[in-house]
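Below are the chains, spelled out letter by letter.
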Amino acid sequence: MKKTAIYQPKRPGAPGWFNKWVQSPRWLIGFAIVATLCLAVYSVGAMYGQTTAGSTLGMSYGVAAAIAGVAVVAYGGRRRAQRIRSLGRTWYYLEIHVYGGVLFLLLVFMHTAFRVPSGILTWVLWAASLWMTATGLFGLVLQKWIPTLLASGLSTEVHLDRIPELIVEMRLRAEALLESAAEPVRALYRREVAPVMAGPQPRWIYYVDATGGFRSRARPFERIRGLLPDADRAALDEILELYRTKLEMDAHFTLQRTLRLWLFLHVPAAVLMFGLLALHVFFVLYY
Amino acid sequence: MKGLFSRARLTVASKYLMPARQRWPYLIGLILTIPLMAVFAVSAVAGKAELVSNGPLSSNHALFGQDCGTCHEAFGSVTNARCESCHEKSGDPVKAYAFDTHYRYRSQEFDRTASSSSEGACFSCHTEHRGREQVITHVADTQCASCHFKSVAQHPEFEFVSHELKDPANLKFEHTVHVKEVRDEHELADIEQTCITCHVARDDGATFEPIAFDAHCGECHLTSSTSTKPAPLLASANDNQPGVLSLETIRSLRGPGTRWSFFANPNEFELLGESISKRPVYHADQWVMENLRFLRGRLYPSAELADLLRGSADRAPQDITALYEEAITTLATRIAELKDDPSRTVQAELEELTDLLATVRQRLNDPFSPLDENRFAVSVGDRDSSLSGTDREAYVEVVNALTNPCQECHYVEQATIKAVQTDQGNLIRAEFNHRAHILHARCLDCHNQIPIRENVANDVEATEATDNAEILNNPPLATCLTCHSPKQAGSECITCHVFHPDKGRRSNLLRYHP
């Protein structure tokens, strides 16, 4: 059996939250052991001498942090070289990215002796490391939470990049239906549906309710449905289905775009951090 | 068309859609990073070091802030050599900063050595770039803990407590009776006020002035009725019998340091047959001291340097400089007295004294000449071996008669009054400041090894065993720990201890150098 993410065996006895948030307990346990070892080494070192970034131990933590950082960055490279099978499964890189990222921050804190650096470059570096890891963890939460939200109550699955063209397709179909529909249906479309069909419309409500409050929006349709003849009733039902699908598209657009926009929080800080890290390493070697 | 999907029957994409490349986040990252890196790099090259520095320098080094090269070497580190360009050299003969010196200075264990590989760089303890307010001499406990115990709770008991060390005060003294006398004499209600009547704080409040006889003892001791015991009087200085010289004989000798004899009152001497006594006797009475020197010269003819001191050469290690200074003062006085005498003998002696003064001065002023109190000490090796045991006893008898009033308080050994040690240097490993403590504790709260408070309160006569000058009236560690704990008063190593020796006493440092 392949041991990629979706093939990870679920633990029947484990609570749901654990199955949801922990893909591999072995990685979690491994991370916990390494982090505990790091803290133990730090504690022992702190008992026997003052730890500063420039001390032997402090330097060692810094070097370890830099190595962890390089390992974390490897995930981005692996994603861009997915056709090279010999590099191993991307899932492993992702686990290293997540756990290694947290370990990186821990090592940075150990390097600075759990103090805020007072130098400008080192402070920016420290802040970028903190920001990068915090937004990384935020992204991890989003990656777990948004798919669950999208799967709860939506009947349509759609790729973010296709949403604009599908909305156009739906609008054209709805307008075709309206040509032979009764005036009440056309009026209802103009009032309720046409503004929505104009294009993708992200809304905050989708973070809470992925259906976007469709039930209340469908009530005007129900009110006139009983008054219409059968032919118009079929057209009204199809327009309502298109309307519901459009709102689901908006939910996908809103939530999937969040998954992409999150990268703007994480990646620039990561690029900045690694650039300044290189500079920091140079200055440390030079001075 | 590949088919339809969803309940709205939407068309399936004609081809598989790969997730779009996310270039913008990386691009934004680069747009932020490249200029920022350029700013840092250019600032480093242009000498704006504060941008790339690991933090502001301490105020001591703040003026070097823009010039990293003052301390740093390219692709090197901050070497001790850079520190030494302003501070003392760690590798000089005095080795003020070396571990060897630290061991010996603090432990007085002169056989302890450290290998050169264990000598750390200055910056390993004195960490820079931690802000203007950072005091780089403030070394964290963890630095000390790498060799010593880890917290104040593990601090060993003071050596004078654990080893029951005696106070080498060289004084016959009982506190209780004196406290009562002072209290009654000055009508003091507070017993602690009697302490500060004699123990007068120095200007800095850290320590006390030495007890002075005239100020503190003379009111009761050596009164006008005090006299020496009769001692055999010698007809001349050449008389080989045990005895003392009369004032007239001393005058006639016109030896160094005897000018006082021309101003002394002859009526203070009483001839009792072939013996003589003196009344009154002053503190450090010139006639007594001169005869003591004379008798010591007979008993220990080789101990000439001992004549330069009023008492013995016993000094705490930190007071050896004072020993040399006393010798210099004595020599200078003698030279000044002899200068006007044209006789050839005196001039020859003057020349010798001048040479000796130069030698002592050179030794005191040269930081690389070790000071040695033993040069001034009277030792068994200085004895006149030609004297028989009976003769020696006879001389000692004369010495005892001469110094009988002195021996009420002082010890006399080898015809020398044992110097009272005002600072016994009990806290050789730590510093103590009374000023910082006086507001929080009363004298006898800490100095409670002699039960003065109880004796005075209960009007009890102190016993020799519980109240004498040999009892080190300093508190055990537990007394300090009642206030010095992590949650109260400072309990860091450097609260009491200093790693490097006091460089103000540079010549003394040679004692710690092998």
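Note that this is a predicted model, so its numbers are computed, not measured.

Parameters and conventions
Residues numbered from 1 in each chain as written. Chains lettered and ligands numbered in written order. Predicted model: local features only at pLDDT ≥ 70, side-chain atom pairs only at ≥ 80, totals over all residues. Helix = DSSP H or I, 4+ residues; strand = E, 2+ residues; numbered from the N terminus. Buried ≥ 20, exposed ≤ 12 C-beta atoms within 10 Å, placed from the backbone. Contact = placed C-beta atoms within 7 Å. Nonpolar A, V, L, I, M, F, W, Y, C, P; charged D, E, K, R; others polar. Pairing = 2+ DSSP bridges. Arc of directions from axis to C-beta. pLDDT = per-residue confidence, 0-100. Axes fitted to C-alpha atoms, helices over the stretch in contact; angles between N-to-C directions. Parallel < 35°, antiparallel > 145°, perpendicular 65-115°, else oblique. Left-handed = near helix turned anticlockwise from the far one by under 90°.

Caption draft 1: Looking closely at the overall build of chain B. Helices and strands together make up the secondary structure of chain B, namely 19 helices and seven strands. Split into buried and exposed, the 514 residues of chain B put 24% on the buried side.

Caption draft 2: Structural view of the interface of chain A and chain B. Facing the 39 residues of chain A at the interface are 42 residues of chain B. For the side of chain A that touches chain B, the secondary-structure elements that each account for two or more residues are α2 (25–48), α5 (120–151), α6 (163–178) and α9 (230–286) of chain A. Top element by residues in the side of chain A that touches chain B is α9(A). It accounts for 17 residues. By residue class, the composition of the side of chain A that touches chain B is 23 nonpolar, eleven polar and five charged.

Caption draft 3: Fine view of the pairing of strand β5 (residues 275–278) of chain B. All names here are of chain B. Examined bridge by bridge, strand β3 (residues 231–232) and β5 share two bridges and lie antiparallel to one another. By the bridge assignment, Ala231 is partnered in β5 with Ile276. Of the strand pairs in this sheet, strand β4 (residues 269–272) and β5 are connected by four bridges, and their pairing is antiparallel. The residue bridging Phe269 from the neighbouring strand is Lys278, located in β5.

Caption draft 4: Region of interest: helix α7 (residues 183–193) of chain A. Residue and element names in this part refer to chain A. Within α7, burial applies to Val185, Leu188, Tyr189 and Val193. The buried residues of α7 all sit within an arc of 105° when viewed along its axis, so they share a single face. Exposed residues lying more than 90 degrees from the buried face of α7 are Glu183, Ala187, Arg190 and Arg191. Summarising the contacts, the buried residues of α7 are in contact with α6, α8 (214–225) and α9.

Caption draft 5: Local environment of the confidence of the model for chain A. Across chain A, pLDDT averages 90, with 97% of residues at or above 70. Highest mean pLDDT in chain A belongs to helix α4 (residues 90–111) of chain A (95); lowest belongs to helix α1 (residues 16–21) of chain A (81).

Caption draft 6: Just the packing of α6(A) against α9(A), in detail. All names here are of chain A. The geometry of α6 relative to α9 is characterised by a closest axis approach of 10 Å and an angle of 165° between their N-to-C directions. By the angle class used here, α6 and α9 are roughly antiparallel. α6 and α9 meet at a crossing whose hand is left-handed. For the pair α6 and α9, the contacting residues are Ile163, Leu166, Ile167, Met170, Arg173, Ala174 and Leu177 in the first and Ala235, Glu238, Ile239, Leu242, Thr245, Lys246, Met249, His252 and Phe253 in the second. Grouping the amino acids of the contact of α6 with α9 by side-chain chemistry returns eleven nonpolar, two polar and three charged.

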